[in-house]
Amino acid sequence: MASDQQYISTRGGGEPLSFSETLIEGLARDGGLAVPASMPHVATETLERWRALTYPQLATEVLALFAGDIPREDLARMTDAAYAPFPAEVVPLRQIGDGLTLVGLSEGPTLAFKDMAMQFLGQVLEYALERSGSVLNVLGATSGDTGSAAEHALRGKDRIAVFMLSPRGRMSAFQRAQMFSLDDANVHNIAVDGVFDDCQNLVKRLAGDVEFKRAHNLGAVNSINLARITAQVVYYFWAWLRATDAGGATEVSFTVPSGNFGNILSGFYAKRMGLPIRRLVLATNENNVLDEFFRTGVYRPRTAAETLATSSPSMDISKASNLERFIFELVDRDPARVNTAWHELDAQGFFDFTAEQPRFADEFGLVSGTSTHADRIETIRSVHAGTGEIIDPHTADGVKVAREHVEPGVPMLVLETAKPQKFADMIREALGVELEYAPELQAMLDAPQHVTDMADDADALRAYIAAAALRGATVGHSPVGADRHES
Ligand SMILES: *Cc1c(COP(=O)(O)O)cnc(C)c1O
């Protein structure tokens, strides 16, 4: 059953694109985000058949619904390769009492959930670049998790190079080691004299320089990337299949520690595809712009200065890049209303869906809550006392908010978005223990580091990229999928 799924823009502009054509930016040409032209639907009988599948097999089934332009045997090869670095089960579930179950999304090479999507993206990008005979130079900025997941997924690829900017001296020792211990020729770590926003501004300046961007085949693999969103849909199906018994359309709820609204958007898509999900509980930390939106209907992004540095740093966001994809469904896929909302946002600093707010929970199952540093400490302690398990601070935000939304008879699945080893300081503060590192992690921490220091200077970055970028045919807007009629 091949799908001929096409992708359209939330803002209504441009022609429909294939999956391969949306691979790189996620951003449509009119400034909107690429979304499926129609949401695939999975029938109950199909779901039941999927119970017997391994994780890569399930990923092939789900992704085939989105990537209609990629032959199934190629998809199967890519999902096998993508999840080979994981333990056999790929995504283990474990109960932690009080009706809560952790969904283990952090078993991959960088110990955080971004590996789940990035490992597949690495496979499918290289595949699409081979088909179109082109190359890609990925330029990104990271404060930790995204950069390391991208580098570990793209290292050693022939047609892809990675230029990853990070704020010098501002990542944890563990995060630095995860990135800088890589010595693959196609991975370029650049430590910028500045903060994360300076890194991001450098990326924006180069990405906005259309000529430079085209000449050097620059692209991104950030959280609005559509292939990442679709790869994340898979584990919602997997977790539902593991948490329910055969033969029932039993509903479960999920709680998702959230930042850019990427992870939970994938759950929202799974629910729209027919997966029996009752509630999608969005958990934020003190940077609770999304909790505010789901409670009130008013979305008011913050400035960098208003954004706090917290002890669950991967959720420290000022605005949520993927929210536009939810708004698109909220306004019944009317691009005119999406445009209006973003015009209001530009003009007055917020948009207001107060009148629609009751639908968030009633129609879409979306509810939310906030967790603080004190909550994280208390939650790490209580989970440890109850089960002996040590959870990371982001997962702790999830568990704290999940407890406020547990309903009798409805399993509550909390997504474990990172392993505690990434946040040893926080575990020491909460539990007074030193975490042990597995031998391969200790070796990584002790390995020589490879990084280039650079001033906060766009010309220096341009010169570095011009010298080190992979060269290949330039094929316009997107180096991937130049021929959209390829089978
Ligand atoms: C990226 C990240 C999040 C937030 O995920 P979004 O898709 O941005 O909502 C949460 N926890 C961890 C550990 C992360 O790395």
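Treat the numbers as computed from the prediction; the structure is a model and nothing was measured.

## Overview of the nonpolar core
With 103 residues, the main nonpolar core has Phe19, Phe237, Leu323 and Phe326 as its most contacted residues. In terms of residue count, helix H9 (residues 226–243) provides more of this core than any other element does, 13 residues in total. When near neighbours in sequence (up to four residues on either side) are disregarded, Leu323 contacts Phe261, Leu290, Phe293, Phe294, Tyr299, Trp342 and Phe351. Judged by nonpolar contacts, the second largest core, of 25 residues, contains Leu102, Val399, Val401 and Val414.

## Considerations on the pairing of strand S5 (residues 136–141)
Taking burial as the measure, the six residues of S5 include five buried ones, the bulk of the element. Pairing of S5 with strand S6 (residues 160–167) involves six bridges; the strand directions are parallel. Within the sheet, the bridge partner assigned to Ala141 lies in S6 and is Leu165. A crossover connection joins S5 to the parallel S6 through helix H5 (residues 145–154); in handedness this β-α-β unit is right-handed. In terms of strand pairing, S5 meets strand S8 (residues 218–219) through two bridges, oriented parallel. Paired with Asn137 across the bridge in S8 is Leu218.

## Remarks on helix H13 (residues 335–348)
The first and last C-alpha atoms of H13 sit 20 Å apart over 14 residues, in line with the 20 Å expected at 1.5 Å per residue. Taken together, the buried positions of H13 are Val338, Ala341, Trp342 and Leu345. Here the buried residues of H13 occupy an arc of 90 degrees about the axis, which is enough to place them on one side. Turned more than 90 degrees off the buried face of H13, the exposed positions are His343 and Ala347. Residues of H13 that are buried make contact with strand S11 (298–299), helix H12 (323–330) and strand S12 (351–352). The opening residue of H13, the one whose side-chain oxygen lies 3.0 Å from the backbone nitrogen of Ala336, is Asp334. Backbone geometry just after H13 places Gly349 at a positive phi near 85 degrees.

## Remarks on the site of the ligand
In the vicinity of the ligand there are 15 residues, among which Lys114, Asp145, Gly259, Asn260 and Asn263 approach most closely. Contacts to the ligand include Asp145, whose side-chain N or O atom sits 2.7 Å from an oxygen atom. Between the ligand and Thr417 there is a distance of 3.0 Å, counted from a nitrogen atom to a side-chain nitrogen or oxygen. Within the complex, 96% of the 390 Å² of free accessible area of the ligand lies under protein. For the shell around the ligand, a count of residues per class yields five nonpolar, eight polar and two charged.

## Brief notes about the sheet that holds S8
The strand order across the open sheet built from five strands is S8-S5-S6-S7-S15, with neighbouring strands paired in parallel fashion. This sheet does not close on itself; its edge strands, each paired only once, are S8 and strand S15 (452–454). As paired elements, strand S7 (residues 187–192) and S15 share three bridges and run parallel to each other. By the bridge assignment, Ala191 is partnered in S15 with Asp453. Here helix H7 (residues 196–207) sits on the sheet in contact with S5, S6, S7 and S8, set at roughly 145 degrees to S5.

## Points about H9
Each α-helix turn comprises 3.6 residues. Residues three or four places apart therefore point the same way. Here H9 contains 18 residues, and its C-alpha end-to-end distance of 27 Å stays within 8% of the 26 Å for a straight helix at 1.5 Å per residue. Most of H9 sits out of view: 16 of its 18 residues are buried. Of the residues flanking the start of H9, the one acting as N-cap is Asn225, its side-chain oxygen 3.0 Å from the backbone nitrogen of Ala227.

## Points about unusual backbone geometry
Positive phi, normally seen in glycine, also occurs at Asp98, with a value near 55 degrees. For Asp98, the position within the fold is in the loop between strand S3 (93–95) and strand S4 (100–104). For Asp98, a relative accessible area of 61% corresponds to the exposed category. We note that Arg333 has phi near 60 degrees; this positive angle belongs to a residue other than glycine. With respect to the helices, strands and loops of the structure, Arg333 is situated in the loop between H12 and H13.

## Digging into the sheet that holds strand S13 (residues 366–370)
Pairing in this open sheet of six strands is mixed, and the strands run S3-S4-S14-S9-S10-S13 from one edge to the other. Single-partner strands in this sheet number two, and they are S3 and S13. Across this sheet, the average inter-strand angle for adjacent strands is 25 degrees, counted without regard to direction.

Thresholds, definitions, all that
Residues numbered from 1 in each chain as written. Predicted model: local features only at pLDDT ≥ 70, side-chain atom pairs only at ≥ 80, totals over all residues. Heavy atoms only, no water. Core = buried A, V, L, I, M, F, W, Y, C linked by side-chain atoms within 4.5 Å. Buried < 20%, exposed > 50% of the residue type's maximum accessible area, 1.4 Å probe, protein only. Helix = DSSP H or I, 4+ residues; strand = E, 2+ residues; numbered from the N terminus. Contact = heavy atoms within 4.5 Å. Pairing = 2+ DSSP bridges. Right-handed = clockwise from strand over helix to strand, strands pointing away. Expected span 1.5 Å × (residues − 1). Arc of directions from axis to C-beta. Polar contact = N/O pair within 3.5 Å; in protein donor to acceptor, adjacent residues only side chain to side chain. Near = heavy atom within 4 Å. Areas by Shrake-Rupley, 256 points an atom, 1.4 Å probe, with all protein chains shown as cover. Nonpolar A, V, L, I, M, F, W, Y, C, P; charged D, E, K, R; others polar. Axes fitted to C-alpha atoms, helices over the stretch in contact; angles between N-to-C directions.

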